[in-house]
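Summary of structural features
Each chain is listed here by its residues.
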Amino acid sequence: MTKWLETHLPKMVLAPSFIAVLVFVYGFIAWTAWVSLTRSRLLPKYEIDGFIQYDRLFASPRWDTAMNNLFIFGALFIIIAMVMGLLLAILLDQKIRTEGVIRTIYLYPMALSMIVTGTAWKWILNPGLGIEATVKSWGFESFTFDWLVNPDFAIYTVVIAAVWQSSGFVMALFLAGLRSVDDEIIKAAQVDGIPTWRIYSAIIIPSMGPIFMSAFIVLAHLAIKSFDLVIALTGGGPGYATDLPATYMYAMAFSRGDIGQAASSAMIMMLVVFAIVVPYLYSELRAKND
Amino acid sequence: MTELAHPPAQKSGAFGKVVLRWVLYILLCLFALYYLMPLFVMVTTSLKSLEEIRTGSLVALPREVTFDAWKTAWSGACTGIQCEGLRPYFWNSVLLAVPAVAISTFIGALNGYVVAQWRFAGANIIFSLMLFGCFIPFQVVLLPMARLLGLMGIAGTIPGLIFVHVIYGIGFTTLFFRNYYVSIPSELTKAAKVDGAGFFRIFWSIFLPLSLPIIVVTVIWQFTQIWNDFLFGVSFSQAGTQPVTVALNNIVNSTTGVKEYNVDMAAAIIAAAPTLLVYIVAGKYFIRGLTAGSVKG
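This write-up is about the structure you can find in this document. (Residues numbered from 1 in each chain as written. Chains lettered and ligands numbered in written order. Predicted model: local features only at pLDDT ≥ 70, side-chain atom pairs only at ≥ 80, totals over all residues.)

1. Quick notes on the interface of chain A and chain B
Size of an interface: often given as the accessible area lost when the parts come together. Rules: Contacts are defined on C-beta atoms placed from the backbone: any two residues whose C-beta positions lie within 7 Å are in contact. Every helix listed is a DSSP run of H or I at least four residues long, and every strand listed is a run of E at least two residues long, numbered separately from the N terminus. Residues are grouped as follows: Ala, Val, Leu, Ile, Met, Phe, Trp, Tyr, Cys and Pro are nonpolar; Asp, Glu, Lys and Arg are charged; all remaining types, including Gly, are polar.
Taken together, the contact pairs 75 residues of chain A with 67 residues of chain B. Examining the composition of the side of chain A that touches chain B, we find that 17 residues originate from one element, helix α1 (residues 2–35) of chain A, more than from any other. Taken together, the residues of the side of chain A that touches chain B break down into 58 nonpolar, 12 polar and five charged.

2. As for the environment of Ala223 of chain A
Residue and element names in this part refer to chain A. Just so we agree on the cut-off: Partly exposed residues are those whose C-beta has more than 12 but fewer than 20 other C-beta atoms within 10 Å; with 20 or more the residue is buried, with 12 or fewer it is exposed, and the C-beta atoms are placed from the backbone.
Here Ala223 is to be found in helix α10 (residues 209–225). Among the residues examined, Ala223 registers 25 C-beta atoms within 10 Å and is labelled buried. Each C-alpha atom of the pair Ala223 and Leu70 lies 7.4 Å from the other, and the pair is 153 residues apart in sequence. Not counting the four nearest positions on each side in its chain, Ala223 is found in contact with Leu70, Phe73, Gly74, Phe77 and Ile78.

3. As for the nonpolar core
Selection criterion: Connectivity within a nonpolar core runs through C-beta atoms within 7 Å, and the core itself is a set of buried Ala, Val, Leu, Ile, Met, Phe, Trp, Tyr and Cys residues.
Among the nonpolar cores identified, the biggest contains 174 residues, and Leu86, Leu248, Ala267 and Ala268 of chain B are the most heavily contacted of them. Broken down by element, this core gets its largest block of residues, 16 residues, from helix α7 (residues 154–179) of chain A. Ignoring anything within four residues of it in the chain, the contact list for Leu86 of chain B reads Ala73, Trp74, Ala77, Val244, Ala247, Leu248, Ala267, Ile270 and Ala271 of chain B.

4. Some words on the packing of α1 of chain A against helix α5 (residues 87–117) of chain B
Applicable threshold: What counts as an axis is a line fitted to C-alpha atoms, over the stretch in contact for a helix, and the angles between N-to-C directions run from 0 to 180 degrees. Roughly parallel covers angles under 35 degrees, roughly antiparallel covers those over 145, roughly perpendicular covers 65 to 115, and oblique covers all other angles. Crossings are assigned a handedness: left-handed for a near helix turned anticlockwise from the far helix by less than a right angle, right-handed for a clockwise turn.
Axis separation between α1 of chain A and α5 of chain B bottoms out at 9 Å; the angle between their running directions is 130 degrees. By the angle between their axes, α1 of chain A is oblique relative to α5 of chain B. Where α1 of chain A crosses over α5 of chain B, the two elements pack in a sense that is left-handed. Seen from α1 of chain A, the contacting residues are Pro10, Val13, Leu14 and Ser17 of chain A; seen from α5 of chain B, they are Ile107, Leu110, Asn111 and Val114 of chain B. In terms of residue class, the contact of α1 of chain A with α5 of chain B is built from six nonpolar, two polar and no charged.

Following this line, the structure appears as structure tokens:
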């Protein structure tokens, strides 16, 4: 009996977590998928009725805006954060004496809640008393910077705040990548008199493919899940000009009482995440098994 | 002395290097200012009176330092109809984060120990399934979780939120401990088994004592995640049980009365203080968690 217990103990220890993941991740995904195929409104119904919720979703101008915003925000956020992260990492890689202090300063926004970041930038960007008013008070009377309240530009304020929060983290990722490049190759190139910028562009950066890949995955993941930042910064407004899929889903689920729409938009969000993550995980696993 | 030994051509090269060095440091300082500016604005705004905020400049230091906004943010600001400040919600977050971090870290340690050291058929598949769970956008589990919490009778309660954070935290905590324990040679477990030590005995007396660094990394990671969480907090709490991030958002967007920017900023700093403090004290472990969490597998 004790022998049996001893051999099965590891399985028994892992079992509760396994069951929890099966139920609360996979079971719940199945539930959401099921409900997304019904006519559920305020309360879930369980009679399958085809893709009506998805038809409604794709016909909704608000969802259209949310997906467009995700595309604009995601692309700009990922590109700017990566370029800035790489630049900062290269600058910091030049044997800077105060590197520790500078790195700490660049990275601290990552420890903040998105709600805090949103609150801070909402204050800085508000046209009445923020940057716009400050520049005006310096004598530039015609200066305007009203992106926060301008429906055509509000989404870019989300980019500004998100880049501020995450670019230091990308820097840390890239810095670790730069440091992992074989020293011998770099020294050999230096001995050959190859200029530093060529060493970076031709030797170091091309060897950092995997780091670029994981930075991209992390940032894309952050972009798709972005919710709190928009809520705190713009509340999805003006109107619903800065809605993202996550805020759309939340509005449908908890303020509009439209569970069918909430479920179908959540499913689309998951598909977008999977479209990005699955090929990555697949290639990672294959690389490991080779 | 060495300068005299150099021919003139190299001297101008050295001069160029000095200039380049200066440009480098100036660039680095400008970026540092960029990252620090919002924090600076938050702190200075929180120390100004509303009158000074309206008349003065965003980037100016306060002419008269006042802590009134901090007092209001802590114990008087309105989150909707209640006006008790952030204090009760701050404690909600503490009551929520401490058990949730402890439980999820402990479960992660045991799971990681099993997956890394007691391999059995299917263990890797279970681990992959758990890992995959880390990637899902939580929107896809919000609706069923809301119903389940209602059925269990813990909807809108702090135990309900602890439950949610533990469930969706164990994927990451298991990953952290698994990756750490995988590097411990399995001969250690084998030798201990030969000596008659059992599963838990080996865990308590061999693995846990070795685990301090990864425990610190995991606790910091989980604490930051749970303290900063907004999605679960706003979805699964009700008036009175909201965590600090939700209360902060309510204070900032509360439409009653005059807009008090200084109070908003003080409240934001209070809400950020615990994780910021952890970052300053244990930044090294924080970064390790971040990179381990992002470069999964």
